[in-house]
Each structure stands twice: as C-alpha cells, then as structure tokens.
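# Observations on the model geometry
So the chains spell out like this:
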Amino acid sequence: MGGLVACSSLEQDETVNWSAEKLYQTAKTEMNDGAYGSASKYYTKLLARYPFGRVAQQATLDLAYAYYRDGETEKAQAEIENFIRTYPQHPYIDYAYYMRGVFAYEKDVSIFDRLNPINLAQTDPQPLKQAFNYFDELVRRFPQSEYAEDARYRMLFIKNLLGQHELEIADYYMRKGAYIAAVNRAKGVLEQYEQTPSTPYALALMTRAYRELGEKQLSQDTYRVLEMNFGKEAILEEAFEVLASQNYSAALRENDI
C-alpha cells in the first residue's frame, strides 16, 4: 500500500517534465501574485533539476526574495549567501549584497523596535551590528551602486539604534547606583556613536554620574562640553531636564530615534 501511495504522489506532480524556463515563469507568476510559499516551491524544484545556467542564477536570487517575503528569514539569508559565494562576478552581485543587508536589517530592527527600554538594554546588539557590516561592505565594494544610497540611510538608522542601546545600558547602571559603569557606557556612546541623537543625553548622564561620584571637576568639564556643543540647540534645555530626572529612555523615544 505504501508503494501505491508513493506512485500516486509522483503522478500528481505535473511539473515532472517541465523545462527550466517553464518552472521559472510559473514561479515568477506566483511571486508576482504574492504567493511566496508556492513560488519558493517552484524555484526549489527548478534548482534541484537545473542547477546550472542563467535561469538557475536568477532563480537563486528570486528564491531568496521569496523566502524573505514569506517570513523565512533564515532560509533567505542562506540562499543569498550561497549566491554571493557561487556567483561573485554576477552583474547583479551588488543587489545580492544589498539584499543580504536588508534581510538582516528588517529582522533585527523590528526586534529592537518592539522592545521596551529594559529589554533593549539586555538585548544582544551583535545581529544589528552584522546588518550594519553587510551594508558597509556593499557601500565599500560598490559605492556607485543604485542601492548604495539606501544602504547608507539604513546604516545611519542602525547607528542611532546602537547608540540608544548603549545609552539604555548606561541608564540602567545609573539607576542601580553603579556610577563608574554608567560613565564607561556613556563614554562608549561618545566614542562609537558620537553623531547620533544619544550624544547629548550621554553627556548629561556623565555629568550627573561624576557628580554622584564626588568628581566635581570632571562633572563641570563634562557639563561644559555639553553646553559648548549643544548650547545653541533646543536639545540643551531638554538634556538638562533629563539630567535632573534621569529619564533618558523616555526622552530618546519621544524624539523617535
């Protein structure tokens, strides 16, 4: 009976004798209709039967995108990595590098975006840094690519998120009374994410932390840096209010970084 079932299932596969082109066009139609799961099945069959040639190369790219749109992020990432390794001279290789970054970016940014401040401070930022590195590699290798500008915008947004992540941790230490640890984390914001919205808040936090530690001179010096760099901006007054309230997380989120 098991053999009869197996034979029956084989007979039901109408694609058995299809050409690579017919499989590709059918998959493309499914994807255009938003049936990404169905499209990925056709692409998979195509690549299993016709693993070489122009159609297979395009199918590999399309399969990665179909997986991505179907929520199969890990499969999408694996497929695009395979494409980059296998076809390093492909005319659309810059697109492959770009999509590799997008796959990681969309997954990791959405995770960060859903977290509250406490969970954000406890989240591993490495995946987000990896997305940044993917875009950075695209921009370095293909600075004139049509995808480079969007990659740069995404890199900027990632830096803002990473700066916020460091500041959340500094804020956590501050509330725990671990002032030295808070200062060190705030310094990390200034050293690694200087030109992000987190900078004035990091300076405000350091000013207060030094004061709590009895380091009056360091507190005054940090205050002067804050005033000198942001004294002509509306953010200065807000940073001072934050300095008094220690409500760093809320202030950042109100500014939509």
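Because the structure is predicted, anything quoted here is derived from the model rather than measured. (Residues numbered from 1 in each chain as written. Predicted model: local features only at pLDDT ≥ 70, side-chain atom pairs only at ≥ 80, totals over all residues. Heavy atoms only, no water.)

## What to know about the overall build of the protein chain
Selection criterion: Here a strand is any run of E in DSSP of at least two residues, a helix any run of H or I of at least four, and the numbering for each starts at the N terminus. Here the term buried applies to any residue with accessible area under 20% of the maximum for its type, exposed to any over 50%, and partly exposed to those in between, with areas from a 1.4 Å probe on protein chains only. Two residues qualify as a contact provided that any one of their heavy atoms is within 4.5 Å of a heavy atom in the partner residue. Methods summary: accessible areas were calculated by the Shrake-Rupley approach with a probe of 1.4 Å, and residue burial reflects only the protein chains presented.
Each helix and strand in the protein chain was counted, giving 14 helices and zero strands. Along the protein chain, helices (α) and strands (β) appear in the sequence α-α-α-α-α-α-α-α-α-α-α-α-α-α when read from the amino end. Out of the 257 residues belonging to the protein chain, those deemed buried represent 46%. Relative to all contacts within the protein chain whose residues are 6 or more apart in sequence, the contacts with residues 24 or more apart total 58%. Of the roughly 14100 Å² that the protein chain leaves accessible, carbon and sulfur atoms contribute 49%.

## Notes on helix 8 (residues 126–141)
What counts here: Helix span, expected: 1.5 Å multiplied by one less than the number of residues in the helix.
With 16 residues, helix 8 extends 22 Å between its outermost C-alpha atoms, agreeing within 8% with the 22 Å of an ideal straight helix rising 1.5 Å per residue. When we look at burial in helix 8, the residues that qualify are Leu128, Ala131, Phe132, Tyr134, Phe135, Glu137, Leu138 and Val139.

## Examining the side chain of aspartate 94
The test is simple: Only four residue types enter the charge count, namely Lys and Arg as positive and Asp and Glu as negative; His and the chain termini do not. Take a side-chain nitrogen of Lys or Arg and a carboxyl oxygen of Asp or Glu: if they are within 4 Å of each other, that pair is a salt bridge. Pairing of N or O atoms within 3.5 Å defines a polar contact, subject to two protein rules: one partner must be a possible hydrogen donor and the other a possible acceptor, and residues neighboring in sequence count only if both atoms are side-chain atoms.
Position of aspartate 94 relative to the elements: it lies in helix 6 (residues 93–114). Despite its burial, aspartate 94 pairs with no opposite charge, the nearest such side chain being arginine 152 at 11 Å. A polar side-chain atom of aspartate 94 sits 2.8 Å from a polar atom in the side chain of serine 145. With sequence-adjacent residues up to four places away left out, aspartate 94 is seen in contact with Leu138, Phe142, Ser145 and Tyr147.

## Points about the pattern of salt bridges
It is possible for side chains of opposite charge to pair when their charged atoms get near one another. By the definition in use, this model includes eleven salt bridges. In this structure, glutamate 106 engages arginine 154 in a salt bridge whose closest nitrogen and oxygen atoms are separated by 3.3 Å. Taken together, the residues glutamate 106 in helix 6 and arginine 154 in helix 9 (residues 148–175) connect sequence positions 48 residues apart. Between aspartate 136 and arginine 140 there is a salt bridge; the shortest N-O distance is 3.1 Å. In this pair, aspartate 136 and arginine 140 are both assigned in helix 8, four residues apart and thus about one turn of the helix distant. Assessed through its relative accessible area of 24%, aspartate 136 is described here as partly exposed. Beyond isolated ion pairs, a larger network of salt bridges with shared partners links Glu81, Arg100, Glu137 and Arg141.

## Focus on the packing of helix 9 against helix 10 (residues 179–192)
What counts here: Between N-to-C directions, angles span 0 to 180 degrees; the directions come from axes that are lines fitted to C-alpha atoms, helices contributing only their stretch in contact. Small angles under 35 degrees read as roughly parallel and large ones over 145 as roughly antiparallel, with 65 to 115 read as roughly perpendicular and the rest as oblique. Crossing handedness is defined as follows: a turn of the near helix away from the far one that is anticlockwise and smaller than a right angle gives a left-handed crossing, while the clockwise case is right-handed. Side-chain classes follow a simple rule in which Ala, Val, Leu, Ile, Met, Phe, Trp, Tyr, Cys and Pro form the nonpolar group, Asp, Glu, Lys and Arg form the charged group, and the remainder, Gly included, forms the polar group.
Between helix 9 and helix 10, the shortest axis-to-axis distance is 7 Å and the interhelical angle comes to 165°. The orientation of helix 9 relative to helix 10 falls into the category roughly antiparallel. Considering the relative orientation of helix 9 and helix 10, their crossing is left-handed. The segment helix 9 lies against helix 10, with Lys159, Gly163, Glu166, Leu167, Ile169, Ala170, Tyr173 and Met174 engaging Tyr179, Ala181, Ala182, Arg185, Ala186, Val189 and Gln192. Residue composition of the contact of helix 9 with helix 10, grouped by class: ten nonpolar, two polar and three charged.

## What about the nonpolar core?
Going by this rule: To form a nonpolar core, buried Ala, Val, Leu, Ile, Met, Phe, Trp, Tyr and Cys residues must be joined to one another through side-chain atoms within 4.5 Å.
Among the nonpolar cores identified, the biggest contains 48 residues, and Tyr43, Leu46, Ile80, Ala96, Tyr98, Phe135 and Ile158 are the most heavily contacted of them. Going through the elements one at a time, helix 2 (20–32), helix 3 (36–49), helix 4 (54–69), helix 5 (73–86), helix 6, helix 8 and helix 9 are the ones with two or more residues in this core. The dominant element in this core, judged by the number of residues it contributes, is helix 6, at nine residues. Leu167, Met174, Ala186 and Met206 belong to the second largest nonpolar core, which has 13 residues in total.

None of the figures reported here should be taken as evidence of function without further support.
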